Amino acid sequence: LVLLLAAAWRPCLSGTLRSAQRRWPVPYRRFDYRPKTDPYCQARYTFCPTGSAIPVMKEKDVIEVYRLQAPVWEFKYGDLLGHLKIMHDAVGFKSSLTGKNYTMEWYELFQLGNCTFPHLRPGMDAPFWCNQGAACFYEGIDDAHWKENGTLVLVTTISGTMFNEMAKWVQYDNETGIYYETWTVQASPDKQSTVWFDSYECSKFILRTYQKLADLGAVFKKIQTNYTSIILFSGEPVYLGNETSIFGPLGNKTLAAAIRDFYYPFKPHRTVREFFVDLLKIIDRVILNHQFYLFYNLEYWFLPMKFPYLKVVYEEVPLPIGSKTSFGV
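What you are looking at is a predicted structure, and each value in this text was computed from that prediction instead of being measured.

Novice: What is the right way to read the overall build of the protein chain from this model?
Specialist: Broken down by element type, the protein chain carries nine helices and eleven strands. In terms of overall dimensions, the protein chain is globule-like: its C-alpha atoms have a radius of gyration of 21 Å, near the 20 Å expected for 329 residues. Of the charged side chains in the protein chain, 35 are positive and 32 negative; the average position of the first set lies 2 Å away from that of the second.

Written as structure tokens, this is what we have:
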């Protein structure tokens, strides 16, 4: 939200920094297993408090699939963030054999702020990140939550066999894709511009789920589906290194200090005065000096920022095209 305010300021001319030729967007890194979370990382609201295992459906079951969308933190702030088109996505299921409803979503273990910016802990040179995200599955669909300020609409029907295959994929996806990435980073607002980094958050999980169902044979309805992206605009990113190469014993002390100094104004604020003082620092670095340090795949990158610096977009991503031949649908 601080960056949204900062984005309203006008630009100055920017220089250009170049890095070696790389593959863009940088591929999101997957891991062999999910590490244990550090006790230092604490959430104001418990992650997936009523979560349960994904059930095994009977093959002959017919399961309705619903698109769910509501403003981020709708349970606390109502439609406030909905006016900025900052939306959270999920998917719902209803079994025709049992009549039971289920919700599946993917979100941060320790809330959005911890995934977007690190903690600067005393006695630690490197910024400390609490940025894991994970899938949550639980019985029931809170109709009021999704309908009041958002969306609850049927998008396809699948068999029990397809649901069970999807469940296997969800387990793999959840165990290997473990870090939340808030930002999409691209060269300009033009839709054809180069994407340097792609986000990895709730909407991307839903899009992956829809695509998996389409690969299994789901046929989706022809309805418009929009999703939120928070985009930073930058010239070609410059690779800086990982935690060890920057903050380790043989690291670059000047660069390490610059990264810590950049992240310092994004800390939680105790007073209004402190907030506005740090907001001016953010404007100075991001808008006036065109600087942003991005943490992606456990590595640091420098972004030479460009106008309009930041934008929240709510754009259509069509539902995937499936086949009626798979699994006897």
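Having put the structure on the table, let's press on.
Novice: Is there a simple way to explain the nonpolar core in this structure?
Specialist: Nonpolar side chains in soluble globular proteins generally cluster together in the buried interior. If you look at the biggest cluster of nonpolar residues, it comprises 72 residues, and the most contacted ones within it are F93, W183, F197, Y263, F292 and L294. A per-element tally of this core places strand β11 (residues 299-316) first, with seven residues.

Novice: Honestly, the packing of aromatic side chains in this entry has me stumped. Any pointers?
Specialist: Any aromatic ring pair is given by two values, namely how distant the centres are and how the planes are angled relative to each other. By the definition in use, this model includes 32 aromatic pairs. Judged by centre distance (6.2 Å) and plane angle (65°), the rings of F117 and W183 are edge-to-face. In this pair, F117 is assigned in the loop between α3 (111-116) and β4 (133-139) and W183 in the loop between α5 (160-176) and β6 (184-186), connecting sequence segments 66 residues apart. No difference in accessibility class separates F117 from W183, as the two residues are buried. The side chain of R67 reaches across the aromatic face of Y227, ending 4.9 Å from its centre. Between R121 and the ring centre of Y40, over which it is positioned, the NZ or CZ distance is 3.7 Å.

Novice: Please explain the side chain of R67 as it appears in this structure.
Specialist: Along the chain, the position of R67 falls in strand β1 (residues 62-71). Polar contacts involving the side chain of R67 include one to the side chain of Q69, which spans 3.4 Å. Reaching out from R67, the side chain makes a polar contact with the backbone oxygen of N226 at a distance of 3.0 Å. Among all residues touching R67, those that are not within four sequence positions of it are D89, A90, T151, L152, V153, V155, Y210, T225, N226, Y227 and Y314.

Novice: Help me out: how do you make sense of the state of the cysteines in this one?
Specialist: Note on terminology: a disulfide is the covalent bond linking the sulfur atoms of two cysteines. One pass over the full model with this rule turns up two disulfides. Here C41 pairs with C130 through a disulfide, and the sulfurs are 2.0 Å apart. Here the disulfide of C41 and C130 is left-handed, its torsion about the S-S bond being about -80°. Of the two residues, C41 is situated in the loop between α1 (2-6) and β1 and C130 in the loop between α3 and β4; the sequence distance between them amounts to 89 residues. The pair C41 / C130 is uniform in exposure class, with both members buried. Disulfide pairing places C48 opposite C136 at an S-S distance of 1.9 Å.

Novice: Would you explain the confidence of the model for the protein chain in this entry?
Specialist: Residues shown with low pLDDT carry predicted positions that ought not to be read at fine detail. Here the protein chain averages 91 in pLDDT, and 91% of its residues register 70 or above. Note on residues 1-20: pLDDT is under 50 here. Beyond four places in sequence and across chains, it has 51 contacts. Note that pLDDT drops below 50 for residues 325-329; the model gives that stretch twelve contacts with residues more than four away or on any other chain.

Novice: Explain the pattern of salt bridges to me, please; I cannot follow it from the model alone.
Specialist: Here the idea is simple: oppositely charged side chains can pair when their charged atoms come close. A full pass over the atoms with the stated rule returns eight salt bridges. Across the pair D89 and R67 runs a salt bridge whose closest N-O atoms are separated by 3.8 Å. Taken together, the positions of D89 in strand β2 (residues 87-95) and R67 in strand β1 put the pair 22 residues apart, joining distant regions of the chain. Of the two residues, D89 and R67, neither departs from the other in class, the shared state being buried. Between K168 and E165 there is a salt bridge, with its nearest N and O atoms 3.4 Å apart. In this pair, K168 and E165 both sit in helix α5, three residues apart, roughly one turn of the helix. Taking the relative accessible area as the measure of exposure, E165 reaches 29% and is therefore partly exposed.

Novice: How should helix α9 (residues 272-288) be read in this particular structure?
Specialist: Helical periodicity: at 3.6 residues per turn, an α-helix aligns residues three or four positions apart in one direction. Between the first and last C-alpha of α9 there are 23 Å, a value that for 17 residues agrees with the 24 Å anticipated at 1.5 Å per step. Buried within α9 are the following residues: D278, L279, I282, I283, R285, V286 and I287. Trailing α9 by a residue or two, H290 shows a phi angle of about 55°, which is positive.

Conventions we followed
- Residues numbered from 1 in each chain as written.
- Predicted model: local features only at pLDDT ≥ 70, side-chain atom pairs only at ≥ 80, totals over all residues.
- Heavy atoms only, no water.
- Helix = DSSP H or I, 4+ residues; strand = E, 2+ residues; numbered from the N terminus.
- Rg over C-alpha atoms; globule rule 2.2 N^0.38 Å.
- Lys, Arg positive; Asp, Glu negative; His and termini not counted.
- Charge placed at Lys NZ, Arg CZ, Asp CG, Glu CD.
- Core = buried A, V, L, I, M, F, W, Y, C linked by side-chain atoms within 4.5 Å.
- Buried < 20%, exposed > 50% of the residue type's maximum accessible area, 1.4 Å probe, protein only.
- Phe/Tyr/Trp six-rings, centres within 6.5 Å; stacked < 30°, edge-to-face > 60°.
- Lys NZ or Arg CZ within 6 Å of the ring centre and 35° of its normal.
- Polar contact = N/O pair within 3.5 Å; in protein donor to acceptor, adjacent residues only side chain to side chain.
- Contact = heavy atoms within 4.5 Å.
- Disulfide = S-S within 2.5 Å.
- pLDDT = per-residue confidence, 0-100.
- Salt bridge = Lys/Arg side-chain N within 4 Å of Asp/Glu carboxyl O.
- Expected span 1.5 Å × (residues − 1).

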